[in-house]
Amino acid sequence: MSNGPSPSISGLSSRVGETVTLKGWLYNRRDSGKIRFLVLRDGSGYLQCVVVKKEVPEEVWEASGELTQESTLEVTGVVREAPRQEGGVELGVTGLTVLSLCRDWPITPKEHGVDFLMSQRHLWLRSSKQVAILKVRSEVESAIHDFFHSREYTKVDSPILTPNACEGTSNLFETQYTEDEKAYLSQSGQLYLEPACAALGKVYCFGPTFRAEKSKTRRHLREFWMVEPEVAFLEIDGLMDLAEEFVKELTARVLDRRKEDLKRLERDTTVLEATVSKRFPRIDYRDAVEILKGKGFPVEFGDDFGGDEETALTQGFDTPVMVTRYPTAIKSFYMQPDPKDPDVVLGLDMLAPEGYGEIIGGSQRIHDHDLLLSRIRQHELPLEAFQWYLDVRKYGSFPHSGFGMGLERFTAWMSGVPHLRECIPYPRMLYRIYP
Ligand code: 4AD
Ligand code: MG
């Protein structure tokens, strides 16, 4: 017997007729008299293994009868065609060894409350739905890297420990850096990408992001992953094109390569297909206010939109919608005011349809030194901490733009899962840091 990794289930369709030995976990077992159907899972897929009493040695038959859910086993058999099975094959078992018998698996098929499942997250990960979500997430991650690399972006890693806030001070995680200096966990890599795009032109970062969210919502995590491109000489219209192209390409990739997982998640893919092929509507904030008023929302210019408003705005569309030119007063200090209408900024929010809400936030950045200085003062930010950021405007200034997309928000929408907690392996939420 070889000591190398056993072949994976996902690769078996090209090995019909061969005898293979596989290792994995028992996902499910069904007995029907003198024949047993074992479903083996190995992370790459699920395989029906058929044990027929009169065709296997007595000890193999006995062993197959002992198997409990999540027991580890090694199974040998002949790969044969089975059109009705996932992957189109099944295994005719000739040999079987129980490697470790699993007793009292806590996640039985009965309905469990979410709190229980979250406390068992390390085990819950093995369930087929969670596996499918994590595969979609991983596909999105590699599609993100491919998108930027194929367009000659350079990946620039932003620091996690920072001396000041990027996205406001209300949700900062504070930590002690040295005895007399504090540091904050990064809320966004953007401020560090801006100087880097002066060095490299087109850059992106992709890493963990921290926000001490004080309320429990289905759309907020305290630790999440954000991908952020930043591009020199790109202005708002080009930024919107970039965001749309990005979301289209990621969606096409998930549809193409994660079909089985989307099926397992029972994801209706109509909207995802429309997202790939149709142009995304672009709505001015001022028009959005009118649309919402028409739908009975008591909103006025200057109000931020909550989840209900976002859902209402995307109703009737089967692609994401981009809302632009939000009021300057409610957006971040670095956003470029519209020169023709300084009450609004050249920013964008991309709202996913089906109630998933904001998936992308971005803007053109202020590139005029004195304007940025006055915005920093208006926001009462500590000037010393932003000297380096102002330097980008002092030495060879240039218009530039970028956006941030939350990986979990995007994964949730792709997977059709309403709550972000299932879209990251180990969610960090208010009152939940175990396991
Ligand atoms: O809109 P946000 O706050 O934008 C920024 O941080 C900019 N500095 C990005 C940039 O321009 N480079 O966050 C961007 C995205 C949101 O649209 C959302 O997808 C995600 O990050 N996000 C969260 N995801 C999960 N949990 C949270 N608490 C999130 N907060 C933001
Ligand atoms: Mg935002």
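The rules behind each value
- Residues numbered from 1 in each chain as written.
- Chains lettered and ligands numbered in written order.
- Predicted model: local features only at pLDDT ≥ 70, side-chain atom pairs only at ≥ 80, totals over all residues.
- Heavy atoms only, no water.
- Pairing = 2+ DSSP bridges.
- Helix = DSSP H or I, 4+ residues; strand = E, 2+ residues; numbered from the N terminus.
- Axes fitted to C-alpha atoms, helices over the stretch in contact; angles between N-to-C directions.
- Contact = heavy atoms within 4.5 Å.
- Near = heavy atom within 4 Å.
- Polar contact = N/O pair within 3.5 Å; in protein donor to acceptor, adjacent residues only side chain to side chain.
- Salt bridge = Lys/Arg side-chain N within 4 Å of Asp/Glu carboxyl O.
- Buried < 20%, exposed > 50% of the residue type's maximum accessible area, 1.4 Å probe, protein only.
- Lys, Arg positive; Asp, Glu negative; His and termini not counted.

A. Focus on the sheet that holds strand 3 (residues 46–52). The mixed closed barrel is built from 5 strands, whose spatial order is 1-2-3-5-4. The average undirected angle you get between the axes of adjacent strands in this sheet is 55°. Alignment of strand 1 (residues 19–32) against strand 2 (residues 35–41), held across 7 bridges, turns out to be antiparallel. For Leu 26, the partnering residue across the bridge sits in strand 2 and is Leu 40. Against the sheet, helix 1 (residues 58–66) touches strand 1, strand 2, strand 3 and strand 5 (89–100), its axis set at about 80° to strand 5.

B. How the structure looks around the sheet that holds strand 10 (residues 202–210). Strands sit in the order 6-10-11-18-17-16-13-12 across an open sheet of 8 strands; the sheet is mixed. This sheet does not close on itself; its edge strands, each paired only once, are strand 6 (154–155) and strand 12 (282–284). Alignment of strand 16 (residues 347–352) against strand 17 (residues 357–364), held across 6 bridges, turns out to be antiparallel. Each bridged residue has a counterpart across the sheet, and for Asp 349 the counterpart in strand 17 is Gly 361.

C. Inspection of the site of ligand 1 at higher detail. With respect to spatial proximity, 24 residues lie near ligand 1, and among them Glu 167, Gln 190, Arg 211, Glu 228 and Glu 358 are the closest. In the model, a nitrogen atom of ligand 1 is placed 3.0 Å from a nitrogen or oxygen of the Leu 221 main chain. Between ligand 1 and Ile 359, the relevant distance is 2.9 Å, taken from an oxygen atom to a main-chain nitrogen or oxygen of the residue. Listed by contribution, the elements that provide at least two residues to the shell around ligand 1 are strand 11 (223–232), strand 17 and strand 18 (400–406). Counting residues per element, the shell around ligand 1 draws most heavily on strand 17, which supplies 5 residues.

D. Seen up close, the pattern of salt bridges. Applying the stated criterion to the full structure yields 35 salt bridges. With its nearest N and O atoms 3.2 Å apart, the salt bridge here joins Arg 219 to Glu 310. Of this pair, Arg 219 sits in the loop between strand 10 and strand 11 while Glu 310 sits in helix 10 (residues 307–314), placing them 91 residues apart in sequence. Side by side, Arg 219 and Glu 310 carry an identical accessibility label, which is buried. For the salt bridge of Arg 282 with Glu 244, the shortest nitrogen-to-oxygen distance reads 3.2 Å. Of the two residues, Arg 282 sits in strand 12 while Glu 244 sits in helix 6 (residues 236–257), which places them 38 residues apart along the sequence. On the accessibility criterion, Arg 282 (27% relative accessible area) is partly exposed. A network of salt bridges, in which partner residues are shared, links Glu 139, Asp 146, Arg 253, Arg 257, Arg 258 and Asp 261.

E. Here's a closer look at the side chain of Arg 428. Within the secondary structure, Arg 428 sits in the segment after helix 13 (407–415). For Arg 428, which is buried and forms no salt bridge, the nearest opposite charge comes from Glu 223, at a distance of 4.7 Å. One polar contact links the side chain of Arg 428 to the main-chain carbonyl oxygen of Ile 433, over a distance of 3.3 Å. Setting aside residues up to four positions removed in sequence, Arg 428 forms contacts with Leu 221, Arg 222, Glu 223, Ile 433, Tyr 434 and Pro 435.

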